[in-house]
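Read off the chains here:
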Amino acid sequence: NAHERLDYLGVELMFMMRLIARELDAAQDGIAAVRAEEAGFFFEHLEPWAAEYARAALPCATTGFFKGLLQVLAALIEADASQLEMAA
């Protein structure tokens, strides 16, 4: 979408990082609530498009670094989906 910020992926990944940090800091009785918030954000905002975006961008990557980064991103999104589904 032309109206989205150019750093949209970075913004969403940063927010996810903050949720994960909150989970690490949460008291045992608060972890379930933070994980639910994590899963909600992940499945609403990141999971529907980020892994596919990384795979689609892969042919455009001109260096091994960026190819590897895109492969890692796709794998992490898929792994997080599995983990968050099991935690839900």
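Treat the numbers as computed from the prediction; the structure is a model and nothing was measured. All chains use their own residue numbering, which begins from 1 and follows the written sequence. Thresholds applied to this predicted model are a pLDDT of at least 70 for local features of residues and 80 or more for the giving and counting of side-chain atom pairs; totals over whole chains, interfaces and linings are not thresholded and use all residues. Calculation of side-chain values draws on the structure's entire complement of heavy atoms; hydrogens and water are dropped beforehand.

J.: Quick one: what's the story with the overall build of the chain, residue by residue and with numbers?
T.: Helix and strand counts for the chain stand at four helices and zero strands. Summarising its shape, the C-alpha atoms of the chain cover approximately 45 × 25 × 20 Å along the three principal directions. Only protein chains enter the accessibility calculation, which uses a 1.4 Å probe; a residue whose area is less than 20% of its type maximum is buried, one above 50% is exposed, and one in between is partly exposed. Burial status across the chain gives 26% buried among its 88 residues. Residue pairs at least 24 apart in sequence account for 54% of intrachain contacts in the chain once pairs closer than 6 positions are excluded. Only the protein chains shown count as cover for residues, with accessible areas throughout obtained via the Shrake-Rupley method and a probe of 1.4 Å. Surface summary for the chain: the accessible area is close to 6200 Å², and the carbon and sulfur share equals 62%. Looking at charge distribution, the chain has the averaged site of its 6 positive side-chain charges lying 6 Å from that of its 14 negative ones. Each helix is a run of H or I in the DSSP string that is no shorter than four residues. Each strand is a run of E no shorter than two, and both are numbered from the N terminus. Note on contacts: a residue pair qualifies if any of its non-hydrogen atoms lie within 4.5 Å across the two residues. We count Lys and Arg on the positive side and Asp and Glu on the negative side, and we leave His and both chain ends out. Taken as the charge location is NZ of Lys, CZ of Arg, CG of Asp or CD of Glu.

J.: Please give an account of the side chain of Glu23 that cites residues and values.
T.: By secondary structure assignment, the location of Glu23 is in helix H1 (residues 8-25). The buried category is assigned to Glu23, whose relative accessible area is 17%. Here Arg35 takes part through its side chain, which lies 2.7 Å from a polar atom of the side chain of Glu23. Contact partners of Glu23, with chain neighbours within four places excluded, come to Ile31, Val34, Arg35 and Glu38. In protein, a polar contact requires one atom able to donate a hydrogen and another able to accept it; more generally it is a pair of N or O atoms within 3.5 Å, and residues adjacent in sequence count only if both atoms are side-chain atoms.

J.: Provide a residue-level description of helix H4 (residues 64-87), including the pertinent values.
T.: The end-to-end C-alpha distance of H4, which contains 24 residues, comes to 34 Å, matching closely the 34 Å that a straight helix rising 1.5 Å per residue would cover. Those residues of H4 lying buried are Leu70, Leu73, Ala74, Ile77, Ala81 and Leu84. On the buried face of H4, the contacting elements are H1, helix H2 (31-46) and helix H3 (50-57). To estimate the expected span of a helix, subtract one from its residue number and multiply by 1.5 Å.

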